[in-house]
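Report on the structure
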Amino acid sequence: MHSSSTKKLGSEQTDIVGPTPKSQRSKMVKSTEDGEKKNLIKRLKDVEISVPIAYGNIAFWLGKKASEYQSHKWTVYVRSPTNDDLGVVIKRAVFQLHSSFNNPTRVLESPPFELSESGWGEFEIAITIYFHSDVCDKLLNLYHHLKLYPEDESGPMSIKKPVVVESYDEIVFSEPSEGFFARVQNHPAVIVPRLPAGFSLPPPVPLEDVNEKKRYDTKDNPLNQWFKSFSEADELLQLAAARQQVQAHIAKLRRQISMIDGQHQQLKPTSDQ
């Protein structure tokens, strides 16, 4: 079972963005705070960078090993739909579990952004995403309802086939910094538009906190065999890239029309009194 939607997070919203209805887009753009500091960062106007994500849980019934309070072993996570490394964009993920768990606030400072536990009950898990400093200074809140039991509760449970529940989303960053664009333009987990011919970017600068961490190989994840293969993901990614190109072209045409209107106003003769 999975669902899909798109998120754009914007400067007119609060610093922590909650769940959005399906297909609603919320933009993430530069902050209006610390204006002098922000002005030193060169940003790409009319450009958007998209980062598809999948988040959810996998739950295994323990079978004969199950007890009254330990019936399932489960893992909740945020991942790339193509199983690429999201550490290039996400700095930290915080999972808020039910208060009955020891240390219910779990902080993951590097990928894979997942945690495993065992229990018997289903509950809502809040996931807060922090981005690297050159990506965005806002936070993103996701909410996932932990699912342990199959939809057909009348059927027998299996220790071999887990319950998998995932949601697909797309995070869109508007007016990214040149440094962010240069750093991720060739990364498979990120969708970037083509820049105008002749436009030159500064050389990519690796993030210090990324270099200090052990590189994560997504192919090593033992849960890969159970992850959903979002059949619509490729089409959605192509649509996202095409939408970005169209929006950039529209913005360019609007600027040209505005300039022509301004020139026309200047050339208009003043009427004699």
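This is a predicted model, so every value here is computed, not measured. (Residues numbered from 1 in each chain as written. Predicted model: local features only at pLDDT ≥ 70, side-chain atom pairs only at ≥ 80, totals over all residues. Heavy atoms only, no water.)

Looking at the overall build of the protein
- Looking only at helices and strands, one finds 4 helices and 11 strands in the protein.
- Out of the 273 residues belonging to the protein, those deemed buried represent 41%.
- By sequence separation, contacts in the protein at least 24 residues apart represent 69% of the contacts at least 6 residues apart.
- When the accessible surface of the protein is totalled, it reaches about 16,300 Å², and 52% of it is carbon and sulfur. (Helix = DSSP H or I, 4+ residues; strand = E, 2+ residues; numbered from the N terminus. Buried < 20%, exposed > 50% of the residue type's maximum accessible area, 1.4 Å probe, protein only. Contact = heavy atoms within 4.5 Å. Areas by Shrake-Rupley, 256 points an atom, 1.4 Å probe, with all protein chains shown as cover.)

Examining the nonpolar core
- In terms of nonpolar packing, the biggest core is built from 41 residues, with Trp74, Val78 and Phe131 touching the most fellow members.
- For this core, the secondary-structure elements that each account for two or more residues are strand E4 (48-61), strand E5 (72-79), strand E6 (90-96), strand E8 (113-119), strand E9 (124-131), strand E10 (139-145), strand E11 (163-174) and helix H2 (178-184). (Core = buried A, V, L, I, M, F, W, Y, C linked by side-chain atoms within 4.5 Å.)

Section: the pattern of salt bridges
- What the rule picks out here adds up to 6 salt bridges.
- Across the pair Glu151 and Lys147 runs a salt bridge whose closest N-O atoms are separated by 3.8 Å.
- Given the relative accessible area of 58%, Glu151 is considered exposed.
- The exposure class assigned to Lys147 is buried, which follows from its relative accessible area of 16%. (Salt bridge = Lys/Arg side-chain N within 4 Å of Asp/Glu carboxyl O.)

Describing the packing of aromatic side chains
- Scanning the entire structure with this criterion turns up 5 aromatic pairs.
- Ring centres of Trp74 and Phe101 lie 6.0 Å apart, and the angle between their planes is 80°; on these two criteria the pair is classed as edge-to-face. With Trp74 in strand E5 and Phe101 in the loop between E6 and strand E7 (105-108), the pair connects residues that are 27 residues apart, well separated along the chain. Here the two residues Trp74 and Phe101 agree in accessibility, since each one is buried.
- These aromatic residues form a ring-pair network of at least three members: Trp74, Phe101 and Phe123.
- In this structure, Arg92 packs its charged tip against the face of Tyr130, placed 5.0 Å from the ring centre. (Phe/Tyr/Trp six-rings, centres within 6.5 Å; stacked < 30°, edge-to-face > 60°. Lys NZ or Arg CZ within 6 Å of the ring centre and 35° of its normal.)

Digging into the side chain of Ser177
- Inspection of the secondary structure assignment puts Ser177 in the loop between E11 and H2.
- Among the residues examined, Ser177 registers a relative accessible area of 6% and is labelled buried.
- Of note is the side chain of Ser177, whose polar atom sits 3.3 Å from the backbone oxygen of Asp134.
- If we ignore the near neighbours within four places in the chain, the residues touching Ser177 are Ile41, Lys42, Arg43 and Asp134. (Polar contact = N/O pair within 3.5 Å; in protein donor to acceptor, adjacent residues only side chain to side chain.)

Some remarks on the environment of Lys45
- If you trace the backbone, Lys45 turns up in the loop between helix H1 (35-39) and E4.
- Look at Lys45 and you get exposed, because its relative accessible area is 52%.
- Sequence separation of Lys45 and Pro176 is 131 residues, and the distance between their C-alpha atoms is 8.0 Å.

Remarks on unusual backbone geometry
- That bond from Pro111 to Pro112 is cis: its omega, 0°, falls within 30 degrees of zero.
- Inspection of the secondary structure puts Pro112 in the loop between E7 and E8.
- Phi at Asp46 takes a positive value of approximately 60°, unusual for a residue other than glycine.
- Position of Asp46 among the secondary structure elements: in the loop between H1 and E4.
- Taking relative accessible area as the criterion, Asp46 reaches 31% and is therefore assigned partly exposed.
- Within the chain, Glu175 stands out as a residue other than glycine whose phi angle is a positive 50°.
- Among the structural elements, Glu175 can be located in the loop between E11 and H2.
- Exposure remark for Glu175: the relative accessible area of 22% places this residue in the partly exposed category.

A few points about the environment of Val192
- As for its position among the elements, Val192 is in the loop between H2 and helix H3 (208-211).
- Overall, Val192 belongs to the partly exposed group, its relative accessible area being 21%.
- Each C-alpha atom, one on Val192 and one on Ala182, is 9.9 Å from the other, the two residues being 10 residues apart in sequence.

Some details on the environment of Pro193
- You can see Pro193 is positioned in the loop between H2 and H3.
- Its relative accessible area of 10% is what places Pro193 among the buried residues.
- Residues Pro193 and Ile49, spaced 144 residues apart in sequence, show a C-alpha to C-alpha distance of 7.2 Å.

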